[in-house]
Amino acid sequence: MLWPAAAKKAIKVGPDREVVSVYPYRSGCPASLWRSLITKAERELTFAGYTNYFLWLEQARFGTALRRKAAQGCRVRFLLGDPDSDLTRSREQDEDVALTLSTRIRVTLAELEKIGSQPGIDARYSDGHAHLSVFRFDDDMIVTPLLTHRVGHDAPTLHLRRHQDDGMFDRFAVHVEELWNRGTPVWEREGDG
């Protein structure tokens with residue numbers, strides 16, 4: 001009886017097998033993990049954080065890496081909060097920090113403007129992920145549920161890897177797809193309606 005219980009703890013076989021690791025703070029998730037996931041991705045990079053600001057600070061030559069990924073056929077998407085929305089203003093009051101959400105979003109927008117002409121890189125505004133950040137790298141994902149009165153780097157973080165249909169990974173992926181489909185384009189491109 002003890003052996004099966006010990007084996008189940010050591011070898012994940014249930015729905016928790018998609019949980020690779022957990023971090024009590026996003027800032028505790030190693031920058032090397034982010035870089036590795038970005039580097040290994042071949043099909044999809046989705047950054048559905050409300051500001052995505054920290055990526056430009058923590059990942060050296062992040063824009064260059066994204067441009068290269070897109071040129072190799074990898075879809076690169078950013079889902080951002082609208083810097084001028086009521087929701088952003090409300091969250092700024094909750095956070096009460098000097099570097100406001102709207103400023104952090106605008107930094108990301110300025111960085112995206114530098115690489116946005118590269119086919120395969122796209123960005124949309126959404127308010128449906130104001131308290132949940134989801135970052136997808138093919139079949140790996142980093143998920144950060146934001147806590148009230150906390151900034152993103154203080155939020156608990158999960159590293160997930162897809163292992164089953166309709167598991168945790170798929171549920172977060174469907175959530176992001178729905179937000180993406182409802183989102184508003186950040187910039188208009190030639191040929192856009």
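Notes on the structure in this doc start here. (Residues numbered from 1 in each chain as written. Predicted model: local features only at pLDDT ≥ 70, side-chain atom pairs only at ≥ 80, totals over all residues. Heavy atoms only, no water.)

**Details of the environment of Leu-33**
So, point 1. One can find Leu-33 in helix H2 (residues 31–40).
So, point 2. For the pair Leu-33 and His-159, spaced 126 residues apart in the sequence, the C-alpha separation amounts to 9.5 Å.
So, point 3. In this structure, Leu-33 is in contact with Tyr-23, Ile-142 and His-159, ignoring residues within four places of it in sequence. (Helix = DSSP H or I, 4+ residues; strand = E, 2+ residues; numbered from the N terminus. Contact = heavy atoms within 4.5 Å.)

**Topic: the environment of Asp-138**
So, point 1. Structurally, Asp-138 is set in the loop between strand E5 (132–137) and strand E6 (140–145).
So, point 2. The class for Asp-138 is buried, based on a relative accessible area of 10%.
So, point 3. Each C-alpha atom of the pair Asp-138 and Leu-45 lies 6.7 Å from the other, and the pair is 93 residues apart in sequence.
So, point 4. Sequence-distant contacts of Asp-138, defined by excluding residues within four places in its chain, comprise Lys-40, Ala-41, Glu-42, Arg-43, Glu-44 and Phe-169.
So, point 5. Side-chain polar atoms of Asp-138 contact the backbone nitrogen of Arg-43, separated by 2.8 Å.
So, point 6. Separated by 2.8 Å, the side chain of Asp-138 and the backbone nitrogen of Glu-44 make a polar contact. (Buried < 20%, exposed > 50% of the residue type's maximum accessible area, 1.4 Å probe, protein only. Polar contact = N/O pair within 3.5 Å; in protein donor to acceptor, adjacent residues only side chain to side chain.)

**Here's the deal with the packing of aromatic side chains**
So, point 1. This model, assessed by the stated rule, comprises 10 aromatic pairs.
So, point 2. Plain terms: the ring middles of Phe-54 and Phe-135 are 5.8 Å apart, the flat faces sit at 85° to each other, and that makes the pair edge-to-face. Remark: Phe-135 occurs in strand E5 and Phe-54 occurs in helix H3 (residues 53–58); sequence separation between them is 81 residues.
So, point 3. Looking at Phe-54, the relative accessible area reads 7%, which means it is buried.
So, point 4. Given a relative accessible area of 0%, Phe-135 falls into the buried group.
So, point 5. If you follow Arg-77 out to its NZ or CZ, it ends over the ring of Trp-180, 4.8 Å from the centre.
So, point 6. The residue whose ring lies beneath Arg-91 is Tyr-50, and the NZ or CZ to ring-centre distance is 5.1 Å. (Phe/Tyr/Trp six-rings, centres within 6.5 Å; stacked < 30°, edge-to-face > 60°. Lys NZ or Arg CZ within 6 Å of the ring centre and 35° of its normal.)

**Things to note about the sheet that holds strand E8 (residues 184–185)**
So, point 1. With mixed pairing, the eight strands of this open sheet are ordered in space as E1-E7-E6-E5-E2-E3-E4-E8. If you trace the sheet from one side to the other, it starts and ends with strand E1 (19–23) and E8, each paired once.
So, point 2. Here E6 pairs with strand E7 (residues 157–161) via four bridges, running antiparallel. Within E7, the residue paired with Met-141 across the bridge is Leu-160.
So, point 3. Against the sheet, helix H4 (residues 62–71) makes contact with strand E2 (44–48), strand E3 (75–80) and strand E4 (121–125), and its axis sits at roughly 130° relative to E3, the strand it touches most. (Pairing = 2+ DSSP bridges. Axes fitted to C-alpha atoms, helices over the stretch in contact; angles between N-to-C directions.)

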